[in-house]
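# Reading the structure
Listed below are the residues making up each chain.
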Amino acid sequence: MSSALYRTFRNYMRSAQRELRMVVYHPRYITLLTLGVVFSYVFFLTLMSEGQPEKLPIAVVDQDGSFLSRRLCHELSATQGVEVVAVFDNHLQARDAMQRLRIFAFLEIPKGTYNEVLQFRRPTITIYSNNAYLLGGSFSYKSLATMTKLACGAVQREVLRKKGYDEKTIGGLIQPVELDTHPLANPTVNYQPYILTTVLPGIVGLMLLMLTIMHLQDWVRNPYERLYLCHGDLMASIWGKLLPYTVWFSLMAIIGNLVMFGFCHFPINGSFFTLSVAMVLYLLALQAMGILLVGLIPETHMSICIGAIYGTLAFTLSGFSYPASSMPGGMHAFGYIFPLRHYYLAYVNIAHFGGTTQQILFHIAVLLAFMMAGYIGIALINKRLSRDGVWKQFAEYKSPLTHAAQ
Amino acid sequence: MNRIYLQIKDIWDVAGMELSRIFHDGGVVLLFCVATLLYPLIFAFVYKNECVRELPIAVVDDSQSVESRRFAHKLDATPEIIVTFRCNNIEEARVLMQQRLINGIVYFPRDYGTKIAEMQTARACLFCDMSSFLYYRSVLSSTSAVLLDEMQFIEAERYERAGMTGESTQQMVQPIRVDDVKLYVPNGGFTSFLVPALLVLVLQQTLFLGMCVLYGTSRQQRQVKKSIPLRLQRGGLLFRVTFGRAMAYFLIYFPMAIINLILLTRLFNLPHIGNPVHVILFIIPFLLAAIFFCMTICSFVRNRDAGIVVFIFFSIILIFISGAIWPQCNMPRFWLLFSYIFPSTHGINGFIRINSMGATLDQVKFEFLILIIQTIVYFFTASGALHILLRFRIGQQHDVSESLQPQQH
């Protein structure tokens with residue numbers, strides 16, 4: 001028994017060794033893909049380094065020109081979220097600026113607002129925000145809404161003071177309920193952890209999937225020597241070929257996670273080790289899917305195309321940007337055939353809720369089940385090899401290397 | 001006159017050859033015509049529901065007061081939230097959250113009702129699931145709306161207790177009324193914001209992928225020269241070849257762009273308040289810039305399969321760098337300048353502004369100008385790339401006799 005195990009292990013090692021030699025002599029693909037992965041990490045981490053958009057340009061349409069409107073302007077400028085870049089005289093100018101994308105929102109203070117406030121005639125001021133650019137629009141709206149609410153409170157406070165109420169009563173009167181908001185596991189509402197923790201592993205996985213398909217198609221085209229090396233052990237030959245890439249991409253992805261959760265301080269409540277295990281399983285699952293695709297689609301170009309579609313759809317259907325629960329019925333279930341979705345769910349459980357291995361057991365099991373896809377793929381490849389008479393030819397095959405040695 | 005006629009004939013011939021080359025490759029036709037329409041259909045279907053509705057939340061009510069129950073009722077009445085669980089303590093709710101059965105917890109402490117009765121500031125707590133931006137946005141916005149409503153209700157009660165009535169209460173509760181107008185996409189939908197950008201990106205990316213396959217195949221089969229009329233293979237005449245080829249792509253992509261950007265937006269009820277004439281005028285330079293850009297890049301693609309990897313990699317990068325998601329004014333300067341290389345950046349911004357925001361061509365003239373500059377620059381680079389291909393005999397047939405075969409015309 002142990003000698004059989006040892007033999008299998010040796011077969012895997014031989015195939016992996018052979019692949020490593022290939023990588024050393026033809027490092028073009030792997031270098032380019034590694035550069036691509038590094039580029040995307042640098043790109044995304046620097047692009048959104050602010051975390052939450054700050055100092056978004058807004059404008060004020062000040063038809064009132066009063067003490068109140070000018071003070072509002074100043075106070076808006078003093079907030080972190082927005083910056084008043086222009087003060088306009090009328091609505092048309094502001095709308096034009098918005099259509100030119102110079103501002104994301106504007107506050108319109110009509111003529112006579114201050115007078116009406118003094119006369120208790122409840123004037124109306126209006127916030128216009130641009131929802132065609134969702135982030136810019138909603139973040140600038142949030143700042144504007146907060147500031148107008150505060151302005152309202154300031155007026156109330158002033159009136160109540162003059163009526164002779166003490167500060168404590170005033171506090172109770174103008175703010176009867178206070179809401180403490182606790183954004184769990186992302187206290188600063190940083191936009192980066194939303195997007196990057198899933199997009200970046202997604203990109204790494206996508207690159208690995210494409211690489212797997214390309215290399216396996218190469219393997220299928222000329223399997224003799226590699227099979228010979230592994231004494232005809234198909235499984236060892238294929239997985240042994242893929243394992244060096246699993247190791248390399250896992251390493252990259254884990255280092256990437258270290259950068260995100262360590263250097264960039266993205267919150268993580270659970271154990272980093274569990275997350276790394278999920279990551280490795282996710283990458284293995286993708287490789288298994290790659291094997292299945294090659295098994296199903298013999299034509300190189302077609303399998304790469306289908307792989308590309310499968311890989312890119314994962315970003316949409318994994319549900320990290322648009323929640324899967326809000327997708328139309330079938331699509332929600334469809335998402336589960338993408339390993340990225342399971343990685344995302346495992347990540348959320350570990351990083352947000354401090355989930356242990358036990359709590360993400362389901363996702364781990366599913367990711368392991370994806371490995372079955374790899375076995376089906378290998379069976380399909382085996383079938384194709386027998387159909388093409390590869391095994392017959394293999395029986396008579398002598399490696400050119402052994403000839404040289406002799 | 002004759003010279004101009006000859007030049008036009010040259011361009012026409014090249015365009016004809018390129019068109020026949022495109023339509024003889026099933027894969028390219030699939031990419032140019034089917035994928036360009038299929039991708040928007042998938043996106044429009046997946047994001048069909050626009051907003052997140054009926055998110056399940058749990059309420060932990062330690063105070064068991066009228067006020068807290070009224071708050072919870074109002075929460076349940078909002079379109080975004082549905083109270084599915086009422087837990088006895090926060091720990092129970094935490095477990096539910098971890099099992100992903102709820103996306104938020106609202107907690108009323110024991111003294112919530114008492115504090116309101118004592119005219120003090122009561123405190124409620126909201127715990128948001130932050131695993132998706134849309135969860136946070138929906139839970140927070142609906143809770144804030146309920147909070148505002150509830151505050152005004154209680155305030156009015158308190159002023160009435162202090163002896164004010166009717167209009168004077170209202171004056172005190174809300175001395176300044178605030179209206180908010182959400183322009184262009186009133187419901188703040190995810191689809192209406194993202195899909196217009198994707199529609200434009202899909203045009204450029206399928207063009208790139210199709211060309212990659214076309215150029216890659218001709219290089220793999222060493223037939224680069226075969227696709228150019230013999231009389232135009234000299235260096236100085238390559239402008240006509242570049243232009244003629246671009247015409248072929250343009251002839252296919254112009255109708256595709258109109259279908260995608262004008263018909264599909266109306267069909268799926270995406271924002272479409274812009275003037276279609278302005279949209280059409282704007283997409284002409286965008287398409288030309290994208291065509292010449294892709295021609296430049298694809299000339300260096302040796303292997304069509306490698307092109308696909310580049311394609312998917314850049315699709316993700318380009319959507320983020322375009323400014324449709326992360327505001328352009330908050331990008332580091334380097335990435336902003338980097339984004340100027342790609343026609344999609346200005347194409348997406350210009351299209352969203354004309355189509356979703358009703359801007360005129362004059363209001364997007366900066367994007368328009370950049371696209372024209374890109375068209376000119378990439379025209380020359382595309383011609384240069386073709387020149388390099390022919391000059392250095394990259395991907396050409398070694399057998400001269402075959403390239404001297406009679407041409408089609």
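Everything numeric here is computed off the predicted structure, so don't read it as measured data.

### Section: the overall build of chain A
In terms of regular secondary structure, chain A is built from 17 helices and 5 strands. For chain A, whose C-alpha radius of gyration is 30 Å, the value lies well above the compact-globule estimate of 22 Å for 406 residues. The principal-axis extent of the C-alpha atoms belonging to chain A is close to 105 × 45 × 40 Å. Looking at chain A residue by residue over its 406 residues, the buried ones come to 44%. Taking contacts inside chain A between residues at least 6 apart in sequence as the whole, the part at least 24 apart equals 76%.

### A short note on the overall build of chain B
When its secondary structure is counted, chain B shows 15 helices and 5 strands. The C-alpha atoms of chain B give a radius of gyration of 30 Å, which is well past the 22 Å a tight globule of 409 residues would have. Each principal axis of the C-alpha atoms in chain B carries an extent, and together these give about 100 × 45 × 40 Å. Taken over 409 residues, chain B has a buried fraction of 48%.

### Section: the domain arrangement of chain A
Domain boundaries assigned for chain A yield domain 1 (2–48 + 190–405) and domain 2 (56–174). The straight-line distance from the C-alpha centre of domain 1 of chain A to that of domain 2 of chain A is 53 Å.

### Some details on the nonpolar core
Generally speaking, soluble globular proteins have nonpolar side chains that are buried together. In this structure, A:Ile58, A:Phe106, A:Met210, B:Ile105, B:Ile291, B:Phe292 and B:Cys294 are the most contacted members of the largest nonpolar core, which totals 228 residues. Apart from residues no more than four positions distant in its own chain, B:Phe292 is found in contact with B:Ala246, B:Thr375, B:Tyr378, B:Phe379 and B:Ala382.

### Some details on the interface of chain A and chain B
At the interface, 86 residues of chain A touch 83 residues of chain B. Tallying contributions element by element places helix H6 (residues 134–163) of chain A first for the side of chain A that touches chain B, with 11 residues. For the side of chain A that touches chain B, the per-class residue count stands at 48 nonpolar, 31 polar and 7 charged. Across 7 bridges, strand S4 (residues 124–130) of chain A lies against strand S5 (residues 177–183) of chain B in parallel orientation. Note on S5(B): the bridge partner recorded for A:Asn130 is B:Leu183.

### Describing the confidence of the model for chain B
Close inspection of predicted coordinates is inappropriate in any region flagged by low pLDDT. Residues and elements named next belong to chain B. Across chain B, pLDDT averages 85, with 92% of residues at or above 70. Low confidence marks residues 397–409, where pLDDT is under 50. Its contacts with residues over four positions away, or in another chain, come to 12 contacts. Interface predicted TM-score (ipTM) for the complex: 0.85; the corresponding pTM is 0.88.

### Quick notes on the sheet that holds strand S2 (residues 82–88) of chain A
Strand order in the open sheet formed by 5 strands is S2(A)-S1(A)-S3(A)-S4(A)-S5(B), with mixed pairing between adjacent strands. Strand pairing shows two members of the sheet lacking a second neighbour, S2 of chain A together with S5 of chain B, which therefore form its edges. In this sheet, neighbouring strand axes are inclined to one another by 20 degrees on average, regardless of whether the strands run parallel or antiparallel. In the sheet, strand S3 (residues 105–109) of chain A pairs with S4(A) via 4 bridges, with the strands oriented antiparallel. Residue A:Glu108 lies in a different strand from S4(A), and its bridge partner there is A:Thr126. Along the sheet face, helix H3 (residues 67–78) of chain A touches strand S1 (56–62), S2 and S3 of chain A and points at about 145 degrees away from the line of S2(A). Along the sheet, H6(A) makes contact with S1, S2, S3 and S4 of chain A together with S5 of chain B, crossing S4(A) at roughly 160 degrees.

### Looking at helix H12 (residues 300–317) of chain A
The first and last C-alpha atoms of H12(A) sit 25 Å apart over 18 residues, in line with the 26 Å expected at 1.5 Å per residue. Those residues of H12(A) that fall on the buried side of the exposure criterion are A:Ser303, A:Ile304, A:Cys305, A:Gly307, A:Ala308, A:Gly311, A:Ala314, A:Phe315, A:Thr316 and A:Leu317. Packing partners of the buried residues in H12(A) comprise helix H8 (191–221), helix H11 (272–296), helix H13 (329–334) and helix H14 (339–353) of chain A together with helix H2 (26–46) and helix H11 (304–321) of chain B.

### Notes on the sheet that holds strand S5 (residues 177–183) of chain A
Strands sit in the order S5(A)-S4(B)-S3(B)-S1(B)-S2(B) across an open sheet of 5 strands; the sheet is mixed. This sheet does not close on itself; its edge strands, each paired only once, are S5 of chain A together with strand S2 (81–87) of chain B. This sheet shows a mean twist of 25 degrees between the axes of neighbouring strands, independent of strand direction. Both strand S3 (residues 104–108) of chain B and strand S4 (residues 122–128) of chain B contribute to a ladder of 4 bridges, which runs antiparallel. Paired with B:Val106 across the strands is B:Leu126, a residue of S4(B).

### Looking at the domain arrangement of chain B
Entries for chain B in the domain assignment read domain 1 (2–47 + 189–403) and domain 2 (55–173). A straight line from the C-alpha centre of domain 1 of chain B to that of domain 2 of chain B covers 52 Å.

### Side note on the environment of B:Ile325
Residue and element names in this part refer to chain B. Within the secondary structure, Ile325 sits in the loop between H11 and helix H12 (333–339). Ile325 gets classed as buried once you count the C-beta atoms within 10 Å, which come to 20. In sequence terms Ile325 and Phe193 are 132 residues apart; their C-alpha atoms lie 8.7 Å from each other.

### Regarding the environment of A:Leu275
All names here are of chain A. You can see Leu275 is positioned in helix H11. For Leu275 and Gly240, which are 35 residues apart along the polypeptide, the C-alpha to C-alpha distance reads 25 Å. In this structure, Leu275 is in contact with Asn257, Gly270, Tyr347, Ile350 and Ala351, ignoring residues within four places of it in sequence.

### A word on the packing of helix H10 (residues 276–298) of chain B against helix H13 (residues 343–356) of chain B
Residues and elements named next belong to chain B. Running from amino to carboxyl end, H10 crosses H13 at an angle of 170 degrees, the nearest separation of the two axes being 10 Å. Comparing their axes, H13 and H10 come out roughly antiparallel. Facing H10, whose interface residues are His278, Val279, Phe282, Phe286, Ala289, Ala290 and Phe293, H13 presents Pro343, Gly347, Gly350, Phe351, Ile354 and Asn355. The residue makeup of the contact of H10 with H13, split by class, is 9 nonpolar, 4 polar and no charged.

### Overview of the pairing of strand S1 (residues 55–61) of chain B
Residues and elements named next belong to chain B. Counting buried positions along S1 gives 6 out of 7 residues, so the element sits mostly inside the fold. A crossover connection joins S1 to the parallel S2 through helix H3 (residues 66–77); in handedness this β-α-β unit is right-handed. Bridging between S1 and S3 involves 4 bridges; their strand directions are parallel. Looking across to S3, one finds that Ala58 is bridged to Ile105.

Calculation criteria
By convention here, each chain's residues receive numbers from 1 onward along its written sequence. Written order decides the labels, with chains lettered from A and ligands numbered from 1. Given that the model is predicted, a residue must reach a pLDDT of at least 70 before its local features are reported, and side-chain atom pairs must reach 80 or more before they are shown or counted; all residues, however, enter totals for whole chains, interfaces and linings. Only DSSP runs of H or I with at least four residues qualify as helices, and only runs of E with at least two residues qualify as strands; both kinds are numbered from the N terminus onward. C-alpha atoms define the radius of gyration, and 2.2 Å times the number of residues to the power 0.38 defines the globule rule. In this scheme every C-beta is placed from the backbone, and a residue whose C-beta has 20 or more other C-beta atoms within 10 Å is buried, one with 12 or fewer is exposed, and one in between is partly exposed. C-beta atoms are placed from the backbone for every residue, and two residues are taken to be in contact when these atoms lie within 7 Å. Domains are outlined according to an automatic or database domain assignment. Joined through C-beta atoms within 7 Å, a set of buried Ala, Val, Leu, Ile, Met, Phe, Trp, Tyr and Cys residues constitutes a nonpolar core. Three categories are distinguished: nonpolar for Ala, Val, Leu, Ile, Met, Phe, Trp, Tyr, Cys and Pro, charged for Asp, Glu, Lys and Arg, and polar for the others, with Gly belonging to the last. Pairing between two strands is assigned when DSSP locates at least 2 bridges connecting them. Per-residue confidence from the prediction method is given by pLDDT, with values spanning 0 to 100. Each axis is a line fitted through C-alpha atoms, and for a helix only the stretch in contact is used; angles between axes span 0 to 180 degrees, taken between their N-to-C directions. Working rule for helices: expected span equals 1.5 Å times residues minus one. An angle below 35 degrees is read as roughly parallel, one above 145 as roughly antiparallel, one from 65 to 115 as roughly perpendicular, and any other as oblique. Orient the strands so they point away from the viewer; a crossover is then right-handed if the path from the first strand over the helix to the second runs clockwise.

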